[in-house]
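# Descriptive structure summary
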Amino acid sequence: MYSDSTYVRVKDKLALFSDTSACWEWPMSKTRAGYGQLTYREDNSTKLAYAHRASFEIAKGPIPDGMCVCHTCDNPGCFNPSHLFIGSHQQNMADMASKGRTKKGKSYPIGDAHWAKGRRKEVQGSNNGNSKLEEADVIEILRSSEKNVRLAERFGVSQTIISMIKKRKVWAHVSPSV
Ligand SMILES: [Zn+2]
């Protein structure tokens, strides 16, 4: 279970799509492995939420402990609940192997080290492969009194991202006072 705000944010994004046969590509940031991701604050730390897992829970209810949410479409960035099903780690790995997604010669990590669990560090900032911004940029954005539209132009990102940064919805671990 993620934070309530996480489900609200995912519901917002679910509302953007209607064609249940198509893949619904997560429109925000993704993990290096291509999964839609969100972060939220809990117990004074930044936690990672997977968009496809949150989407599954919204549409179909809680995910049993230790189970994976798998994609029938083999598209990790998809969060269309009708493309998602519950599987065990074993099923998930067998499924991926059958689809050629396992890497030859590499053993698969299990438990918390499993790729599907994600690495919190990946979303903590510029380590994130999809991130266009560096922490220094975020600090500058937070300190700036320029209009969002100007900042968006200057940093080559959308105004939504700028606004989310200013509202501390993303990059919340970056403090402007450092
Ligand atoms: Zn899909």
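As a starting point, this report considers the structure included with it.

Procedures and definitions
Residues numbered from 1 in each chain as written. Predicted model: local features only at pLDDT ≥ 70, side-chain atom pairs only at ≥ 80, totals over all residues. Heavy atoms only, no water. Donors = N, O, S within 2.8 Å, 3.2 Å for Na, K, Ca; no water. Buried < 20%, exposed > 50% of the residue type's maximum accessible area, 1.4 Å probe, protein only. Salt bridge = Lys/Arg side-chain N within 4 Å of Asp/Glu carboxyl O. Helix = DSSP H or I, 4+ residues; strand = E, 2+ residues; numbered from the N terminus. Contact = heavy atoms within 4.5 Å. Pairing = 2+ DSSP bridges. Polar contact = N/O pair within 3.5 Å; in protein donor to acceptor, adjacent residues only side chain to side chain.

Take the coordination of the zinc ion next. Protein-derived ligands of the zinc ion are Cys23 (SG), Cys73 (SG), Cys78 (SG) and His83 (ND1), with the metal-ligand distances lying across 2.1 to 2.4 Å. On the basis of relative accessibility, which here comes to 25%, the residue Cys73 falls in the partly exposed class.

What follows concerns the pattern of salt bridges. Taken as a whole and assessed by the stated rule, the structure comprises seven salt bridges. For Lys30, the salt bridge is made with Glu25, and the minimal N-O distance between the two is 2.5 Å. Judged by its relative accessible area of 17%, Lys30 is buried. A salt bridge links Lys47 to Asp43; its shortest N-O distance comes to 3.8 Å. Put simply, Glu140, Glu146, Arg150, Glu153 and Arg154 are held in one network by salt bridges that share partners.

This paragraph deals with unusual backbone geometry. Located in the positive-phi region is Asp74, a residue other than glycine, with phi close to 60°. Within the secondary structure layout, Asp74 lies in the loop between strand E3 (68-71) and strand E4 (84-87). A relative accessible area of 25% means that Asp74 is categorised as partly exposed. Not every positive phi belongs to a glycine, and Arg168 is a case in point at roughly 60°. Relative to the assigned elements, Arg168 resides in the segment after helix H6 (159-166). Looking at Arg168, the relative accessible area reads 31%, which means it is partly exposed.

So, about helix H2 (residues 51-60). Of all the residues in H2, the buried ones are Ala51, His52, Ala54, Ser55, Phe56 and Glu57. Buried positions along H2 lie against helix H1 (4-14), strand E1 (37-42), strand E2 (45-50), E3 and E4.

Another point: the pairing of E3. Covered by surrounding structure in E3 are Cys68 and Cys70 together with Val69 and His71, the residues of both alternating faces. Judged from the four bridges that link them, E3 and E4 form a sheet pairing that is antiparallel. Each residue of the ladder has a partner; that of His71, found in E4, is Leu84.

Below, the discussion takes up the environment of Glu25. Here Glu25 shows up in the loop between H1 and E1. It is 9.9 Å that separates the C-alpha atoms of Glu25 and Lys13, two residues lying twelve residues apart in sequence. Setting aside chain neighbours within four positions, we find Glu25 in contact with Phe17, Lys30, Asn75, Gly77 and Phe79. Of the polar contacts made by the side chain of Glu25, one reaches the side chain of Lys30; its length is 2.5 Å.

Here H6 has its buried residues at Ile162, Ser163, Met164 and Ile165. Just downstream of H6, Arg168 is the residue with a positive phi angle, here 60°.

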